[in-house]
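For reference, the chains in residue letters:
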Amino acid sequence: MKPHSVCLSLVVVVATLALSAAAVPTSYEDDIPIPDGVSPSNEHLYVPDEARRWKCLDGSKTISFSDINDDYCDCKDGSDEPGTSACGTGYFYCYNIGHVGSSIKTSRVNDGVCDPECCDGSDELYREVRRCPNVCEQVGAKAKEEQARIGAIQEQGSRLRKQYIEHGKSIKIQLQSELEELKTKKTGQLEKATLDAKDKLDKANGMYDKYLEGTKNEREAARKKQLEPLIQEQRRRLNVGKETKNHLVQTCQNLKENHNKNYHDLAVKDAVSAFDDFVSRQSDDDSTTDESDEKEGTGTEEEEKKSENESSADEQLKTLMDDTNTPLRDIGTLYELLDGMRREYNIEYNDEAVLAAVKVIEDFEDKWDTVRREFKDEPSQDIPDEEPVNTPEAEKLKEETSQAQTEYDTASNEESKVSNRIQDINRKLEVDVGPDEAFAQLIDQCFEYKDTEYTYSVCLFGEANQKSHSTTYLGKFSSWDDDDYSVQIYSGGTQCWNGPQRSVRLEMSCGVENQLVSVTEPSKCEYLFKLQTPAVCPVLPEHTEPKQPVAKPSSSAKAVHDEL
Amino acid sequence: MDPARGHTRLSSSKKTILRSVLALGLVLGCISAVKREDFKTCAQSGFCTRNRAYADYAKETSNWASPFQLNPPSLRLQAGVLKGELINTQEEQPSSRPALSFELQLIDNDAVRVRINEQDPIHPRYDGVQDTVIVKPYGLANESTYQFKQEGGVTLIQYGAQNQNTIKITSAPFKIEFLVNGVSTIVLNEEGLLRFERLRKNQQESAEEDGDGKLVDQDAEEGGGGGEIKIEKSELEKKMEENFWEERVIRHVYGIPEHASSLSLKATRGPGAPYSEPYRLYNLDVFEYELDNPMALYGSIPFMLGHSKNISAAVFWMNAAETWIDVEKNIESKSSGILSWIKTKPVLTPLTKTHWMSEAGVLDLFVFLGPTQRDIFRQFSSLVGTTALPQAFSIAYHQCRWNYNTQQDVSQVDAGFDEHDIPYDVIWLDIEHTNGKRYFTWDDAKFPNPTDMQQALEAKGRKMVTIIDPHIKMDNDYHVSKEGSDLDLYIKNKDGESSFNGWCWPGNSQWIDFYNPKARDWWASQFSYDRYKGSTKALFTWNDMNEPSVFNGPEITIPKDVIHYGGVEHRNVHNLYGTMFHSATAQGLIQRNETNQRPFVLSRAFFAGTQRYGAIWTGDNLATWEHLEAAAPMLLSIAISGISFAGADVGGFFGNPDAELLTRWYQAGAFYPFFRAHAHLDSKRREPWLFGEPYTTQIREAIRTRYAYLPFWYTLFHEASVDGMPIMRPMFTEFPEDEQVFGMDDQYMIGNALLVKPVTKAGITQSKIYFAGNEKWFDIMDYDKVEQGPGFKEVASPANKIPVYQRAGTIVPKRERPRRSSKAMEHDPFTLVIALDSQGQANGRIYLDDGETFNYEKGEYLLREFRYSNGVLSSHDPNEVSSSQDQDWPTDFMRRFGELRIERFVILGNKSPLSQVIPHQVAGLFCAFTPVKQVLECSQGPSGGHICTVKEPQVVLGEEFVIEFK
């Protein structure tokens, strides 16, 4: 290689260093230069000792002051290179005259990127060439505009928030006093009135019961005879229901295990996921009913029979009908998920497992009433009224009873109305509406956001949902996520196939109106709602302008930048 | 679908399950999601069954001899080519059938090619694989470089640079033996299993074999593979062949990817064989693939390397049809151990035998005798091509997910990397970014301004990749679909007329026939900026589903009897389809602009030669520790078979990795040649910062380590592009003499310098690692930690690092300044880490160019060799012959890159501390500038001698230098 060219390469290296040495601002005390990239607040840390040496800020090493910003990393903490990328840790300060000074990571110095944070381009000085234009004037102007816009929003938002706070405070007081009032009213008069009416009703009922007691045996025998065929029929139906349900569960299980996953048929995937949901709900139900099952399980058959005999025909029939409803409801669910698949699945794939399930549903179609969720030829049985007892004495007793009932209903309605209101007030008072009560205004307020596919809704401190043709529950309010009261979490939504229970993170930002401005699903079934609301606007003191950006144009800095 | 056929499938799948249970018993107890019955076993493949049966028959028959005989009088060796005829003595009417043609070529790079074909067949066999796979016409050995001799029935050819190789061809029974320095290395047809099934006419028609009558597809019963398209009678060619080669002294064979299996291939036949199925090569889209299994996966390279202590040899079976390979290992050791085995060379018992079975095509194979692995890689890559020098950004870190949902999502993820100070270069968009899976389009609602989006990325030196698959949605309102129809560019049904259609992501789709030259050109033209709306020069491409994946096809791929351009039946070319697509896409990216930019295309399917077009990855893995562990052997098998630019999805595609698994995967992935994180649609978000501390910091460190070593990686890519050396290397490639490492695939080398051992189990903070060789190894995270080879050692592998060591005797170039993208490091100075061996020596290289254009082909690059010896470090251009080349120096290129300086030398393993830097020939000395200030600092490590750092040695890359240290 030729020697002359060697010089060229070195000229550049040295020249760059020389230039930066000439360009650094000087401190006000004497002629010691302040190294490039040091922020005004840190200037005092970059002072050499008498021997023109300097200690790394972490104290790890002492170097010559001229080694600062020599584009080589000497200090472990990177404090010797605030103006170069040599260490890549620490921050480089841009003065951004005309705008606001700011710091960027030194790893972004001279990386060829015009960082918006350094609008003066002072971070991109490479081989004498400033690669990024100084756009601080434009940026500053824009920022001012933006600041003004935000200022206006904040100002108005601030006013609204103050109203919210006022409202929150007053509503709290209002609610508290209403609560006291209602409590007094409840304990003072309503409870007594209800009790009195209850007494009266009990007495009337007692009389009537006594009368009925006298005729009990005849009536029960008649009733039993009347209901016996219905009970037999209902037993049969219960069995049919259980068998059919098991058949459908088996069908779904086969589908789940044997369908060809390579086809990625969404209709099949949906059906399988709905089936998984179904199974998990079933096992939930099983675990909650375990206790009662156990009790039943401990009794012998005889005991069961005995208890059957003891319970009235009405009770028996009612129990059977309730029991039958469970498999019928499940059949309905399974039928719908399979039928949904049948309508959407891709016939071209010829997936045997899918075809088998479709066959089952086709066979089932004519028999099933999808609306009533029961077999078409087996509409639910009506329980016939008991043959009435028609003696004059009975008529009179009935009349009295019914009147007492009406009085009692009125009194207890009145009381429960008040109780409900008390509950509601308590709920509202218990909600964490923020330290200044600003969110009280928003309790139970609902907002919607429509994207191309869905409409999302949230009622604050209540529930969140996703609607298209059907509604998917995304969860209910569980907590604030932060100390600043700007992020709420809604959790416990419908379980996701292959995923978690649905949940919502609701992030609030200052806005003049309450509105949901975006909804996204960053991870499957984890939604992000963004809400604008005055409730999180900063509370500004009255009659002051919103904060202006403060530039810190120290005179020396200005001079330097003019030079550059 | 024929229902009867459906039933057949069902019953045969039951059989399969039963079989595997019987064969594997409790060993394979885990349940996996892969639907095995979707994929064929050998028993379900007619030609595989017949050939295995033939092998059994041969074994059971005493004095079995191959029925094939060479016709010696016909053998002629002329201009490097030996030609003759092969006669099958068992064929019923030998006289009525022409013999097979036999040809052996001596190639000028010392490789040997053996071809066997039918002469005058009823229908010519497909012989077109060579047209796409062989990179350029090769030369034949000059007559003066070999000797030829015939004695009785034996033909001997002596050849090779040092005349070290001998080919011994026995005429009856037919056999070819390859010897290196007198040691028998590879034998073809030693066991006499060569079969060549000829086309026959339909027997029911009992016609003669000459006329134009219908031909019976011998595999008719399984040719369609169980899908809806059933082959009854094919009018097209149908043939198969097989061969047998074996290695006499070779215990380990490697290669034939892609399988989720160990690097050293396992036996598939013989007593105690771990696998019952042969290794299968048939490009397939396998959902949630099973580990430790010879099932076919997404790519195929019929290249096998054998190695033993002083011998390496390889074969390349150039066939793109479905292929099965049986491996048999003869483990009965006669009298002595392996070591003495080699010494008693004249009477060696075969150790490893392999049996190759292909469904169609001609027998066309290459033998590479090395003698070193480096020679083999050079020989093989000179035929099928070397790794294309990639775009520099593409060897940095890639962030992918199915899917980044919207433009805003993209910008938030991008901002997340900056906020957490984690470097990345590329963000990827999967299928959801399109308008209804119509490739080359955008979902306008979600990506309203793709151009702005890419420009915003580019402003930070970053890029974007979008997915483009080979299935085209059938939709006349979709311009690509319509043009494809109008120009008649789709693969045809077996009638050769109508276009094949099947199901994939967009629903009903058609597949571009990339065998049609017009289709390739047309496809390439789709990437021009005016056709691919919303694309910019910062946009690159991902080719997925190119096995091809057809959801409703047999084995989830296209039926074998569909027809390509020129009437070629798909079964002949199946394993090459994805590569044809890959190459057309790469061509599209090259020709879309006038700035001479290199392409970047990732493909899932691959074949021999794919490395010429771009990167590949190991497909849809799972977020499990086992899959993390499986990635290394898979990538090593792929690497030695020619494809260096490969990686596995970091984090695992399916499922949700926990924070520890994800972190460990990043630490391993930072040492995959292709480094990309990817995740399934159903998985939770897992961008590097989402698990919080300490994981964010640990992942950041892993990715930054990758970036720090980018100069080293790029230099290795250069080496791979020149002579085919793998980048990720098995231990046995670097330590071919150390038998301890021949079966090792849980640790590996990057180039010749870095030893990597991924942590693949939960809760591990200690790793057992093997330090090969007699030299020291320096922990790259802490140069104080030094290990001495050879031997196993437990080393610390706490959560923040996996063991990675620099080998003594190497010099590794780095760039240690953290940046947000590789582009942002372009002007950064370098650090050289010089790890001295016990002789106080070290060597290394750096290669540098503009990282994005083809200008390196015009000489615009820098290659420097660093040598440290006797306390003197020098840098010189290993290619420089004279100085006349740089008349216009400094060129623009040299201005940009030659002046980049080396800011630091780190010298490890000094016996005593250095105290003096004496520049003998340093740039600055020739000039009158202020004297350079070199600062030298040394510290003593506990075991590794002294670590010395030289600050600002005042040297630049463009200049040679000599510096002495005392």
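Residues numbered from 1 in each chain as written. Chains lettered and ligands numbered in written order. Predicted model: local features only at pLDDT ≥ 70, side-chain atom pairs only at ≥ 80, totals over all residues.

Examining the overall build of chain A
Selection criterion: What counts as a helix is a DSSP run of H or I of at least four residues, what counts as a strand is a run of E of at least two, and both are numbered from the N terminus. With C-beta atoms placed from the backbone, the exposure class of a residue follows from how many other C-beta atoms lie within 10 Å of its own: 20 or more, buried; 12 or fewer, exposed; in between, partly exposed. Here, residue contact means that the backbone-derived C-beta atoms of the two residues sit within 7 Å.
Scanning chain A for helices and strands turns up 9 helices and 16 strands. Looking at chain A as a whole, 29% of its 564 residues qualify as buried. Within chain A, residue pairs in contact and separated by at least 24 positions form 54% of the contacts whose partners lie at least 6 positions apart.

Regarding the sheet that holds strand β32 (residues 675–677) of chain B
Residues and elements named next belong to chain B. The following threshold applies: In this analysis, strands are considered paired if DSSP registers two or more bridges between them.
Taken in spatial order, the 8 strands line up as β31-β30-β29-β26-β22-β21-β20-β32 in an open sheet, and their pairing is parallel. Among the strands making up the open sheet, the edge pair consists of β31 (646–647) and β32. The pairing of strand β29 (residues 601–603) with strand β30 (residues 615–617) spans 2 bridges and is parallel. Counted as the bridge partner of Leu602 is Ala615 from β30.

Description of the sheet that holds strand β34 (residues 748–750) of chain B
Think of a sheet as strands paired side by side through backbone hydrogen bonds, with each pair either parallel or antiparallel. Residue and element names in this part refer to chain B. Read across the open sheet, the 6 strands follow the order β33-β34-β35-β40-β37-β38; overall the sheet is antiparallel. Among the strands making up the open sheet, the edge pair consists of β33 (728–729) and β38 (786–788). The pairing of strand β35 (residues 754–756) with strand β40 (residues 804–807) spans 3 bridges and is antiparallel. Following the sheet pairing, Leu755 is matched in β40 by Tyr805.

Points about the nonpolar core
Stated formally: Remark: nonpolar core denotes a set of buried Ala, Val, Leu, Ile, Met, Phe, Trp, Tyr and Cys residues whose joining runs through C-beta atoms within 7 Å.
Among the nonpolar cores identified, the biggest contains 274 residues, and Ala314, Phe316, Phe366, Val367, Leu635, Ala646 and Ile834 of chain B are the most heavily contacted of them. At 11 residues, the largest contribution of residues to this core is made by helix α12 (residues 625–640) of chain B. Non-local contacts of Ala314 of chain B, meaning those with residues more than four positions away in its chain, are made with Phe303, Met304, Leu305, Gly306, Phe368, Ile376 and Phe380 of chain B. Grouped together as the second largest cluster of nonpolar side chains are 28 residues, Ala438, Ala464, Leu474 and Leu531 of chain A included.

Describing the confidence of the model for chain B
A low pLDDT means the predicted coordinates there should not be read in detail. The test is simple: Confidence scores per residue from the predictor, reported as pLDDT, run from 0 to 100.
Taken over all residues, the pLDDT of chain B has a mean of 86, while the share at 70 or more is 85%. The ipTM assigned to the predicted complex is 0.83, against a pTM of 0.79.

Some words on the packing of helix α13 (residues 659–669) of chain B against helix α14 (residues 695–708) of chain B
All names here are of chain B. The test is simple: Axes here refer to lines fitted to C-alpha atoms; in helices the fit is confined to the stretch in contact. Angles between the N-to-C directions go from 0 to 180 degrees. Each angle receives one of four descriptions, namely roughly parallel if under 35 degrees, roughly antiparallel if over 145, roughly perpendicular if within 65 to 115, and oblique otherwise. Two helices crossing with the near one rotated counterclockwise from the far one by less than a right angle form a left-handed crossing, whereas a clockwise rotation gives a right-handed crossing. Polar here means any residue outside two lists: the nonpolar Ala, Val, Leu, Ile, Met, Phe, Trp, Tyr, Cys and Pro, and the charged Asp, Glu, Lys and Arg; Gly therefore counts as polar.
Taken N-terminus to C-terminus, the directions of α13 and α14 make an angle of 15 degrees; their axes are 8 Å apart at the nearest point. For the element pair α13 / α14, the angle class is roughly parallel. By crossing handedness, the relation of α13 to α14 is classed as left-handed. Where α13 approaches α14, its residues Ala659, Thr663, Tyr666 and Gln667 are matched on the opposing element by Tyr695, Gln698, Ile699, Ala702 and Ile703. For the contact of α13 with α14, the class distribution of residues is 6 nonpolar, 3 polar and no charged.

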